[in-house]
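# Residue-level structural notes
Residues per chain are reported as follows:
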Amino acid sequence: METLTFSATALEKLPVTIFDTPEEGSRRIAHSIAATIREKQKTGEKAVLGLATGSSPIGVYQELVRLHKDENLSFRNVVTFNLDEYYPMQPDALQSYVHFMHEHLFNYIDILPQNIHIPDGSLPIEKVAEFCAAYEQLIEEAGGIDVQLLGIGRTGHIGFNEPGSGLASHTRLVKLDPLTIADATKDFIKEEFVPLRAITMGVGTIMKARKIIMMAWGEGKAPIVREMVEGKISEEVPASFLQQHERVTVILDQWAASELSRIKTPWLVGLVDWDQNLMRRAVIWLSLQAKRPLLKLTDEDYRHWGLTDLLVRVGSAYSLNIQVHNAIQNTITGWPGGKPGSDDSHRPERANPFPKTSLIFSPHPDDDVISMGGTLLRLADQGHDVHVAYQTSGNIAVFDDDAHRFADFTLGLSRKLGIAIPEFHALHAEVEDFLEHKNLGEEDTEIVQSIKSLIRQGEALAACRFCGVKKENVHFMNLPFYETGQVKKKPLGEEDIQAVADLLTKVKPQQIFAAGDLRDPHGTHRVCLNAILEAIARLKHEPWMQDCYVWLYRGAWQEWDIEDIEMAVPISPEELLRKRKAIFKHQSQKDSPVFPGNDKREFWQRAEDRNRATARIYDQLGLTEYEAMEAFKRYHF
Ligand code: F6R
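Given the structure is predicted, the values throughout are model-derived calculations rather than measurements.

What follows is about the pairing of strand E8 (residues 197–200). As judged from the 4 bridges shared by strand E4 (residues 84–87) and E8, these two strands associate in the antiparallel manner. Within E8, the position partnered with Asp84 by the bridge is Thr200.

See below:
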């Protein structure tokens, strides 16, 4: 279902349409492109499309392929120009945009090969300028671009027009921004393998398109989307030039839209319908903006920061300040499994039953300790029956060299013990041979994938031992959607949901903890959460399920906004050190893991920084000062 909130506000300088999910937004875009193609077919004209690569357009291409297969959409009148290509880049390399476009679109439609244009990354450097001029010429000769599809990079780039690119720029060789290189690392395994340059259409080339569709999905894009839509036009954010285009639409999912003023601070945009939640958000925002603790906010502060409207609604700041202060106070508990024998009417968790069966779902084998290690330790220390379920094997994040090392170790051990199994020796030789000749990004063989999974299992077991979780309470689910051997995963399937439902039915937890940390670069956390939510929806009528609280945690990739937190578990300096040690058990993820995302800090550093930052904000709001805090939001089903 489409949720359309098309109501450009005074602050928005581009027309924005927000959809619930990227799938819905992608379908809308594909249908609009299909309409252009069909219109042109009627008059016997060519439809000229400007195409993008990257994660954003994949859903659009999937829908276009479906329209071709199921609804006879022909591409024989379509001419395409891709925005860019890495330089240098061989067209047959797995990371090339030529490969990308064929894998996601061209192989499945009836486009004529001669109508496909993608910048050539394999040219010698002295030929590049000439090629770029000819590319511009070809676009002109095709009649110009009818519809240009764009994604936005976190630097604000469109195409590979990084900050500093001007409105007059045309197709050319450019240097990639370090942030773009970090973002591209997911496709190249290691940062040093990412090309430093690219050939890209210019901002000027893009602006000449008759219609532009800009899309962005996910919270990771939210800050730059806000700059593009609400910020000043500037070379620092090349996407902001789109504000000067006459026919541009911005299609977002709710997460990419989450930093827009109309969503983040609607009271700054116009009159709002105040409810409890919005009032709480506004007061917290005010306290942080005005840099005054909640209980010291005055009527004057409300007026000065544009909240007169709220003041009119509540009469005076005094009681609202107390109300919000107390609500936040009540989120703090050192008893994440509930405090036995105490009044729990204002506590986040119920006192009874005690002890509880707590089931922690961890998407990768280390999210549990990274994101809620302090809480996990408390739950175990306080006598709860803690289970941990590792949803995926996490095998793609293990270095080849580690797999090599463990294979050598096993062979060495077998030799030492005099257990000579010929098949095993042959297997070792096969592993060694594969790893020595492996191409960049090539899928691991089954045995190498298994070795990598086992490495992570061993680490997770060590962390659980350290935290006091019983061995029989550790569950390795190896959900099938993840087991592709590649960064790209399968969509969530019935088997995944069933596996989660089976585990829930077996454990019958009174508390579930799940990752609501959806900014991980490859979307694994989102799929893992969807598997849990779908399983819960199926089981919600079971009596034991009705007695179960579901808590969402964050930490590896992002933190909850303060106004969303419903349980905050304080961590003392000593506990923070214990948490760090638990994270250290995941040795394969230490010291520049394979997929660290674009945050240079190691996971334990990110976790500590985020936990300290949460505690600092509670302190700023005028609540008790703690060293660090882990935060949770309750999911109501
Ligand atoms: C791709 C391109 C880039 C991407 C942008 C977003 O051809 O030109 O501008 O659109 O980097 O990338 P994703 O979609 O991977 O987030």
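Next comes the rest of the description.
Those places that UniProt annotates as "domain: Glucosamine/galactosamine-6-phosphate isomerase" (unreviewed entry) correspond, in this numbering, to residues 21–248. Along residues 21–248 the backbone is 37% helical and 15% strand, and the end-to-end C-alpha distance reaches 20 Å.

A few words on the environment of Lys175. With respect to the helices and strands, Lys175 occurs in strand E7 (residues 172–175). Linking Lys175 and Thr624, residues 449 residues apart in sequence, is a C-alpha distance of 48 Å. Ignoring any residue separated from it by four or fewer positions in sequence, one finds Lys175 in contact with Glu162, Leu196 and Arg197.

Comment: phi is negative for the bulk of residues other than glycine, and the bulk of peptide bonds are trans. Going from Tyr87 to Pro88, the amide bond is cis rather than trans, its omega being -5°. Considering the arrangement of structural elements, one finds Pro88 in the loop between E4 and helix H3 (97–104). In this model, Phe354 is joined to Pro355 through a cis peptide bond whose omega is -10°. Relative to the helices and strands, Pro355 resides in the loop between helix H12 (317–329) and strand E11 (357–362). The backbone of Asn478 sits at a positive phi, close to 45°, despite the residue not being glycine. The partly exposed category is assigned to Asn478, whose relative accessible area is 32%. Although it is not a glycine, Lys508 sits at a positive phi angle of roughly 45°. Of note, Lys508 is situated in the loop between helix H17 (494–507) and strand E14 (511–515).

Reading the values: the criteria
Residues numbered from 1 in each chain as written. Predicted model: local features only at pLDDT ≥ 70, side-chain atom pairs only at ≥ 80, totals over all residues. Heavy atoms only, no water. Pairing = 2+ DSSP bridges. Helix = DSSP H or I, 4+ residues; strand = E, 2+ residues; numbered from the N terminus. UniProt positions renumbered as here; feature names shortened; annotations may be inferred. Contact = heavy atoms within 4.5 Å. Buried < 20%, exposed > 50% of the residue type's maximum accessible area, 1.4 Å probe, protein only.

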